[in-house]
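Now for the letters of each chain:
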Amino acid sequence: MNSEQLLASIDDEYCLSFLARMVQHKSYSATDGERRLAEYMASQMQALGLETQLQPVPGDRLNAIGTLPGVGGGGNSLLFNGHLDTNPVTEGWTVDPWEGKIDDEFIYGIGVSNMKAGDAAYFCALKTLIDAGVKLKGDVILTYVVGELQGGVGTIAAIEQGIKADYFINSEPTDVQALTMHAGSLMFTIELTGDTRHLSKREEAVDAIVAAIELIPQINAMTFTGAETADHLKINRGHIGSIHGALGRELQDWRPPQVADFVRLKGSARFAPGQTVDGVLVDIQHLLDALCAKYPGLQAELIDDGKRDRPTMLPFEVSGESPIVKAVGRAYRQIRGEDQPTGVITPPAFYGTDAAHFYQMLGMEGIVCGPGGKFNTMPDERVHIRDFLDIVRIYLLAILEICQPVEE
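Just so you know, the residues in each chain are numbered from 1, in the order the chain's sequence is written. Under the rules for a predicted model, residues below a pLDDT of 70 receive no local features and side-chain atom pairs below 80 are neither given nor counted, while totals for whole chains, interfaces and linings still include all residues. Think of the side-chain values as coming from all heavy atoms in the structure, minus any hydrogens and water.

Novice: It is not clear to me how unusual backbone geometry should be interpreted in this structure. Could you clarify?
Specialist: Glycine aside, negative phi is the norm for most residues, and most peptide bonds take the trans geometry. The omega torsion of the bond from N114 to M115 falls at 0 degrees, within 30 degrees of zero and hence cis. If you trace the backbone, M115 turns up in helix 4 (residues 112-131). Phi angles above zero are rare outside glycine, and T377 is one such case at about 45 degrees. A run of H or I in DSSP counts as a helix once it spans at least four residues, and a run of E counts as a strand once it spans at least two, with each numbered from the N terminus. Mapped onto the secondary structure, T377 falls in the loop between strand 15 (365-368) and strand 16 (382-384). With a phi angle near 55 degrees, D380 is a residue other than glycine that sits in the positive phi range. On the secondary structure map, D380 appears in the loop between strand 15 and strand 16. Exposure is judged per residue with a 1.4 Å probe applied to protein chains only, and the accessible area is read against the type maximum: over 50% gives exposed, under 20% gives buried, and values in between give partly exposed. Since its relative accessible area comes to 12%, D380 is described here as buried.

Okay, structure coming up:
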């Protein structure tokens, strides 16, 4: 079959029903449901004839890995990567989060955008090729990992156990755009300690809340030193997402006539390739030093949460001239008849993804490109059916170009 015949052979109804079955698994992070979905994906890959393994991940968790070995030389290997764990359901849903409801425009469900639609798409793309009897010269590896929401512990475990390829596609939601750079993620805590007085002697106090109010917009407006280009700089961002202020480290809040002497802020920073966690922390520390100088007696402590909680999600970058970027771009043009938006695309470029681990740990070239994004992490999370089915087609064409079919 030629590529047009293969595209025509994709079973749209099957693809949507397969995605709906994935949504119907309640795969919250580090739960029995996550394990059951990993086992389900392994069983589906095994039925497809892939070499399949359930791979241990710290915390008694499992990755599902499937490999279609190439036959004959000449093709490159291609790895697909996506996570099975999902965010929790929030208030405000009007549809059943685990039904996998399908209407004329969307498929709905918790995790369908982040990122079960991408997961299902690369399974369906490879299944279509196998069902059509296509033999490939290069390996295709499907990785269904856990713990992306904990900094990518599943992908790190897969890499440490020998998973690698010539190129990769990470299927995080980009609304089918080609993301070639994304930021690294740093989680931090700032603790400000002042000096309390009764409000009658407020002038003698060091008010930690007043200092925090001044600090927050400064952090939210930050960029960081060491950005190599304007593209790198535009994915710099600081953000404070939580603030607690009251009396003492235990944050006693029943005595408002006293000036608050303790504030704990929790925040996150986004930084580009070429910038470092240490460099970002130094830049934030400079702000804290200036704040303490302005408020004599104020003490400020900056804590890198990544050193105590989970792995840091580092930045990712690939050249726009990479074969995988070109292959996905050509596939997009064939399917949609226009050039694919490609580059440092926000908001996806502010996200962290497991692409960073393949890039940072193995030096692999890859791309982040998947369905969903616009309706991600919100009530009635959903994905456009057109985007989902188009990405199945794009992945199929990318497999053919990277792995190369064996000529009969």
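After that view of the structure, there is still more to cover.
Novice: Is there a simple way to think about the pairing of strand 5 (residues 140-145) in this case?
Specialist: Within a regular strand, side chains alternate between the sheet's two faces. Of all six residues making up strand 5, six are buried, and the element is well covered by its neighbours. Side chains V140, L142 and Y144 project from strand 5 onto one buried face, and the interleaved I141, T143 and V145 project onto a second face that is buried too. Where strand 2 (residues 61-68) meets strand 5, five bridges bridge the pair, whose relative direction is antiparallel. In the strand pairing of strand 5, A64 is matched with Y144. Paired strands, as defined in this entry, are two strands with at least two bridges between them according to DSSP. Both strand 3 (residues 78-83) and strand 5 contribute to a ladder of six bridges, which runs parallel.

Novice: Is there a simple way to think about the pattern of salt bridges in this case?
Specialist: If charged atoms from side chains of opposite charge come close, those side chains can pair. By definition, a salt bridge exists where a carboxyl oxygen of Asp or Glu is found within 4 Å of a side-chain nitrogen of Lys or Arg. Summed over the entire model, instances satisfying the criterion amount to 16 salt bridges. A salt bridge links R264 to E191; the nearest nitrogen and oxygen atoms lie 3.0 Å apart. One end of the pair, R264, is in strand 11 (residues 262-271); the other, E191, is in strand 9 (residues 184-193), and 73 residues separate them in sequence. Judged by relative accessible area, which is 6%, E191 ranks as buried. Across the salt bridge formed by D231 and K234, the nearest N and O atoms sit 3.7 Å from each other. Classification of K234 as partly exposed rests on a relative accessible area of 41%. Within the structure, one salt-bridge network assembled from shared partners comprises R336, R386, D387 and D390.

Novice: I tried to follow the layout of surface pockets on my own but got confused; where do I start?
Specialist: With a probe scaled to a water molecule rolled over the atoms, the places where space remains empty come into view. Whether a set of points on the 1 Å grid over the protein atoms alone is a cavity depends on a 1.4 Å probe fitting there but being unable to get out, while an open set qualifies as a pocket with protein on both sides within 12 Å along at least five of seven lines; lining residues are those with an atom within 4 Å of a point. Grid points are joined across faces, edges and corners, and a volume is the space filled by probe spheres set on the points. Size it by volume and the second largest pocket reaches roughly 250 Å³. Looking at the lining of the second largest pocket, the elements with two or more residues in it are helix 1 (3-8) and helix 11 (385-403). The leading source of residues in the lining of the second largest pocket is helix 11, at three residues. In the lining of the second largest pocket, the residues fall into seven nonpolar, three polar and four charged. Gly falls in the polar group here, along with every residue not listed as nonpolar (Ala, Val, Leu, Ile, Met, Phe, Trp, Tyr, Cys, Pro) or charged (Asp, Glu, Lys, Arg).

Novice: How should I be thinking about helix 6 (residues 208-220) in this particular structure?
Specialist: A helix's residues, less one, multiplied by 1.5 Å, set its expected span. Taking 1.5 Å of rise per residue, the 13 residues of helix 6 would be expected to cover 18 Å, and the 18 Å separating its terminal C-alpha atoms lies within 8% of that figure. Three or more residues of helix 6 are buried, namely A208, A211, A212, L215, I216 and I219. Buried residues along helix 6 sit in contact with strand 9, strand 10 (237-246), strand 11 and helix 8 (277-294). Regarding helix 6, its N-cap is D207, as a side-chain oxygen of that residue lies 2.9 Å from the backbone nitrogen of I209 further along. Residues count as neighbours in contact if any of their non-hydrogen atoms are within 4.5 Å of one another. Pairs of N or O atoms within 3.5 Å make up the polar contacts considered here, provided that, within protein, one atom can donate a hydrogen while the other can accept it, and that residues adjacent in sequence are counted only when both atoms are side-chain atoms.

Novice: Just checking my understanding: could you explain the packing of aromatic side chains for this structure?
Specialist: Each pair of aromatic rings is reported with the distance of its centres and the angle of its planes. Two rings from Phe, Tyr or Trp (for Trp, the six-membered ring) form a pair when their centres sit within 6.5 Å of each other. Planes less than 30 degrees apart are called stacked, planes more than 60 degrees apart edge-to-face, and all others tilted. Tallied over the full model, the rule gives 12 aromatic pairs. An angle of 20 degrees between the planes, with centres 5.1 Å apart, marks the rings of F80 and Y122 as stacked. Taken together, the residues F80 in strand 3 and Y122 in helix 4 connect sequence positions 42 residues apart. Note on accessibility: F80 and Y122 belong to one class, buried. Arranged with centres 6.0 Å apart and planes meeting at 65 degrees, the rings of F106 and Y108 form a pair that is edge-to-face. Relative accessible area serves as the criterion here: at 9%, F106 is assigned to the buried category. For Y108, a relative accessible area of 10% corresponds to the buried category. An aromatic cluster is present here, built from Y14, F18, Y40 and F123 joined pairwise through their rings. Each ring is checked for a lysine NZ or an arginine CZ that lies within 6 Å of its centre and within 35 degrees of its normal; such an atom marks a charge sitting over the ring. Residue placement shows R382 over the ring face of F106; its charged tip is 5.2 Å from the ring centre.

Novice: Honestly, the pairing of strand 1 (residues 51-57) in this entry has me stumped. Any pointers?
Specialist: Looking at chain direction, strand 1 and strand 2 are connected through seven bridges and run antiparallel. Each bridged residue has a counterpart across the sheet, and for Q53 the counterpart in strand 2 is I65. Joining the antiparallel neighbours strand 1 and strand 2 is a turn of three residues, in which G59 adopts a positive phi near 95 degrees.

Novice: How should the sheet that holds strand 9 be read in this particular structure?
Specialist: Sheet strands line up and pair through hydrogen bonds in the backbone, either parallel or antiparallel. Here we have four strands laid out as an open sheet, ordered 10-11-9-12, and antiparallel in their pairing. Pairing within the sheet leaves two strands with one partner each, and these edge strands are strand 10 and strand 12 (299-304). With strand direction ignored, the average angle separating the axes of adjacent strands in the sheet is 20 degrees. Where strand 9 meets strand 11, 10 bridges bridge the pair, whose relative direction is antiparallel. When the sheet's bridge partners are listed, I190 is paired in strand 11 with L265. Along the sheet, helix 6 contacts strand 9, strand 10 and strand 11; its crossing angle with strand 10, the most-contacted strand, is approximately 165 degrees. To obtain an axis, a line is fitted to C-alpha atoms, over the contacting stretch when the element is a helix, and the angle between two such axes runs from 0 to 180 degrees between their N-to-C directions. In the packing of helix 8 onto the sheet, contacts are made with strand 9, strand 11 and strand 12, and the angle to strand 12 comes to roughly 165 degrees.

Novice: I would appreciate a short explanation of empty space enclosed by the protein in the present structure.
Specialist: This structure, assessed with the given rule, holds one cavity of 30 Å³ or more. The calculated volume of the largest cavity comes to roughly 30 Å³. As for the largest cavity, its lining consists of D175, G372, G373, K374, F375, R382, V383, H384 and D387. Broken down by element, the lining of the largest cavity gets its largest block of residues, three residues, from strand 16. Here the residues of the lining of the largest cavity sort into two nonpolar, three polar and four charged.

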